[in-house]
Each structure stands twice: as C-alpha cells, then as structure tokens.
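# Structural features, examined
If you want the building blocks of each chain, they are given just below.
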Amino acid sequence: MRFTNEQFFSTKHHSMSGQDKHGGQQQRTEISSLGEFGLIDRLAEGFTPHLASTIKGIGDDAAVLSCGKGDVMVVTTDLLAEGIHFDLMYTPLKHLGYKAVVVNLSDVCAMNATPTQITVSVALSNRFSVEAVEELYAGIRAACDHYGADLVGGDTCSSRQGLVISITAMGRARRQEVVYRSGARPGDIICVTGDLGAAYLGLQLLEREKQVYLSDPNVKPDLEEQNYLIGRQLKPEARLDMVQLFAKNSILPTSMIDISDGLASDLFHICRQSGVGAFIEESGVPIHPDAQFMAIKFNLDPITCALSGGEDYELLFTIDPKDVEKIKYLPDIYIAGEITPPEDGIKLHTKGGNIHDIKAQGWLHFPPQ
Ligand code: ADP
Ligand code: MG
C-alpha cells in the first residue's frame, strides 16, 4: 500500500517530541538500549528485497546485486562523523581521506570482491578552507590510485558543525566467488590476516598525547618510537592483496568478514549468521610485538586489545579443513581456531589453559549517555 503524504508524515505515529498530537505520552526507546546492531535489525524489518536482482540486501559487509552473465556488483557505504569516528586534532586530513575510502574498500574485499568505483559525499562547516578540502581529497585520490578504484560522484553540502564524510564503494565479483558471513560450518578452520589490536593501541597513544598537549601545548608529543601503531590507526589498508591471493591459489573461504569492530564482535557476526559456535586459540591470534609491548605499558591485556579493539581492517575468514594445506604456507595468514557446533558457544582457549566465553563487545557506537 502506498502512503499518502498525510499518512506518512502524520505526527500521530512519528512524533519527534515523544508526544502524540493529543499531548499524550508515547513510548520512547533510547537508541543505546538497542545498540548499533539491534537498531539496524529493527530498521531493516519490513525491508525484505523484492527484486530478483537483489541477491543479498542488508546484513553482510556489502549488498550483492546481479548484473547479468554470472557477474555481480557489491555495494557498501560507511559514514564517518567528526568527533565520533575521527578527531582532527591528530588526524591529518589527507590520512582521513585515505582511511575513509579504505574502510569501505575493506567491506568490498570482505565479500571476496574487487573494488571498482566509489562516490564521496561531504558535509563541510565554514571552518574548512578550499585547501583543507583539497587535502582531504588528496588522501581520497591516493587511496583510489592505490586500489585502482574510480571516484565517480558524490554530494557536497554545508554542515552547522564539523565534518561528515559518507562513502559508497562498489566492487565486482563472479557470483559463485562471493563470500558471505553465513557460510561457516562446524569443523571449518578460522583464519585471520595480518595482526590485531595495533590500531586500537595507536588510538590510545594519540589520545594520551592529545591530553598531554591540552594540558601543556609546549610539551612535544612522544610518538616517535611508535610508527607502526600510529600508522595502523591513521593509515589502515584494505586486504585486496588477500582477495588476489585467494584467487591465485584457488581458495574460496566458506565465510568472511572484515575486522572493523574487533575479532570478538566480528566473529560473533559470522557465528550468528552461520548458526555455529567457535573455538579460538589465544596463541593463534596474531599480535604485533609493538602492540604486545604497548598493551602492557597501558596496563591492558594484549589479547583483549585484539578481541575488543577495533579498526584493524584485517580479514577474518573460515575455510574447509581440506584447504588447510593451501593456506598453511601463504604469507600473513594465521590459523586462529575452529568453527564448532552452535551449542558449544564462542570460546577462547587461553595460553594459560583456561577456557573463557568470548563476549561480543566491540565498539560501542551508541554508548549510554
Ligand atoms: P560494516 O561494519 O561491515 O560496515 P555494519 O555493521 O555497518 O557493517 O552494517 C551491517 C549491515 O547493515 C550492512 O548490510 C549495512 O548495509 C546495513 N545497515 C547499516 N546501517 C543501516 C541503515 N541505517 N539502514 C539500512 N541498512 C543499514
Ligand atoms: Mg565490514
């Protein structure tokens, strides 16, 4: 049924003030009580795709759309808001532009697809000069050049406060090569690329130096020794090299997701959508020595940083056990555990020999006020 404007905008059902037009109290649910994923689930209700060309709608790293002849297009979008996702006190605009593209391309790669085009929309306050926006776009261009994607459009508007960047990325794949979050089966081997936790520790360092600077602008920031951690936070990369490596070695993961919210949270998505459990070996979770060192300096457990830190943009994927020989000797891929039946839950086997439940903490996008 089509809504008339009158029905659609009726304040009776959609009061912004929390009151209906007769002045009665309406139910008001805080977004923080649902959390990011609960909110998305709720918003997505009733948006079941109707078109045959929508192969996969909401719920994965990217949507999958048919474009004929066995080829598909994957589409993903991410929004970065100043003060929520980035702090311009320590984020150079060029890095921000680069990262804003990378976080989207990472979702394309997580579908086992190759990025092709992006669109970029920005909302700018009058704090930004033309030169500043050009700096942002120099980063966007560097990412486009590096990943071979074309910038094909976008939108520009003004903002009352702060900078908002929204990027949509498209990619292509053969339909039978697309990898979803939902394909993991008990017995599959869990793999992780690169290393985890470093971007989170880079952020902690930048935050610490920001506080030092705010209390005394004459103190020089002490970041010199930590190029790796800072680089992982400010200039992450999408693992397109892994998508290419899989193709070259005839590997088709059974499930895959990019690690943007921490291993725990992203493993939880795979388990939920595949209807399985997981067993992670702490000794199998790759952590860079600099991250190990800095975690301990910050009084944090390195494995906690790997599980619950965010923004590593590595890939978490599962493979059929018969493919283990194929990945065993490939660079930068680590075996971290095994998929188990759903009733086994999601567990961590620590180096000390204990078994813990893994909680899907991840980033709190909507912290309670
Ligand atoms: P990722 O961390 O990989 O970017 P998200 O957790 O942001 O993924 O999103 C998960 C799924 O929910 C994706 O399919 C995404 O397109 C969809 N999604 C997120 N926010 C919204 C929204 N406001 N409306 C509709 N779909 C959304
Ligand atoms: Mg993702």
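Now for a description of the structure that goes with this document. This is a predicted model, so every value here is computed, not measured.

## Some words on the pairing of strand S4 (residues 114-124)
- Inspection of the sheet shows S4 paired to strand S6 (residues 164-174) by nine bridges, in the antiparallel sense. The residue of S6 that forms the bridge with Ala 123 is Val 164.
- As paired elements, S4 and strand S5 (residues 150-158) share eight bridges and run parallel to each other. Its bridge partner being in S5, Ala 123 is matched across the sheet by Cys 157.

## A look at the sheet that holds strand S12 (residues 346-349)
- Reading across the sheet, the seven strands line up as S8-S10-S7-S11-S9-S12-S13 and stay open at both edges, with mixed pairing between neighbours. The open sheet is flanked by strand S8 (255-259) and strand S13 (355-357), the only strands paired with a single partner. Pairs of neighbouring strands in the sheet enclose a mean axial angle of 25°, with direction left out of account.
- Taken together, the five bridges between strand S7 (residues 189-193) and strand S11 (residues 333-340) define a ladder with antiparallel strand orientation. Bridge pairing links Ile 189 to Glu 338 in S11.
- Docked against the sheet, helix H7 (residues 240-248) engages S7, S8, strand S10 (314-319) and S11, running at close to 75° with respect to S11.

## What about the site of ligand 1?
- In the vicinity of ligand 1, the contacting residues are Glu 36, Phe 37, Ile 40, Ile 58, Gly 59, Asp 60, Asp 61, Asp 78, Asp 107, Arg 181 and Ser 260.
- One of the backbone nitrogen or oxygen atoms of Gly 59 is found 2.7 Å away from an oxygen atom of ligand 1.
- Contacts to ligand 1 include Arg 181, whose side-chain N or O atom sits 3.3 Å from an oxygen atom.
- When ligand 1 is considered free in solution it has 560 Å² of accessible area, and contact with the protein chains removes 66% of it.
- Counting residues per element, the shell around ligand 1 draws most heavily on helix H2 (residues 31-44), which supplies three residues.
- Its residues assigned to classes, the shell around ligand 1 comprises three nonpolar, two polar and six charged.

## Focus: the sheet that holds strand S1 (residues 54-56)
- Here six strands make up an open sheet; going across it, the order is S1-S2-S3-S6-S4-S5 and the pairing mixed. Of all strands in the sheet, those bounded by a partner on one side alone are S1 and S5. Adjacent strand axes in the sheet meet at a mean angle of 20° when their direction is disregarded.
- Lying over the sheet, helix H4 (residues 130-147) contacts S4, S5 and S6, oriented at roughly 170° with respect to S4.

## Some words on the pattern of salt bridges
- A complete count under the given rule lists 17 salt bridges for this structure.
- Ionic pairing is found between Arg 272 and Asp 41, a salt bridge with its closest N-O pair at 3.4 Å. Residue Arg 272 is found in helix H8 (residues 263-274), and its partner Asp 41 is found in helix H2; the two are separated by 231 residues along the sequence.
- Taking relative accessible area as the criterion, Arg 272 reaches 45% and is therefore assigned partly exposed.
- Asp 41 sits in the partly exposed class, given a relative accessible area of 37%.
- Between Lys 326 and Asp 323 there is a salt bridge whose closest N-O contact spans 3.4 Å.
- Lys 326 sits in the partly exposed class, given a relative accessible area of 36%.

What counts as what
- Residues numbered from 1 in each chain as written.
- Chains lettered and ligands numbered in written order.
- Predicted model: local features only at pLDDT ≥ 70, side-chain atom pairs only at ≥ 80, totals over all residues.
- Heavy atoms only, no water.
- Pairing = 2+ DSSP bridges.
- Helix = DSSP H or I, 4+ residues; strand = E, 2+ residues; numbered from the N terminus.
- Axes fitted to C-alpha atoms, helices over the stretch in contact; angles between N-to-C directions.
- Contact = heavy atoms within 4.5 Å.
- Near = heavy atom within 4 Å.
- Polar contact = N/O pair within 3.5 Å; in protein donor to acceptor, adjacent residues only side chain to side chain.
- Areas by Shrake-Rupley, 256 points an atom, 1.4 Å probe, with all protein chains shown as cover.
- Nonpolar A, V, L, I, M, F, W, Y, C, P; charged D, E, K, R; others polar.
- Salt bridge = Lys/Arg side-chain N within 4 Å of Asp/Glu carboxyl O.
- Buried < 20%, exposed > 50% of the residue type's maximum accessible area, 1.4 Å probe, protein only.

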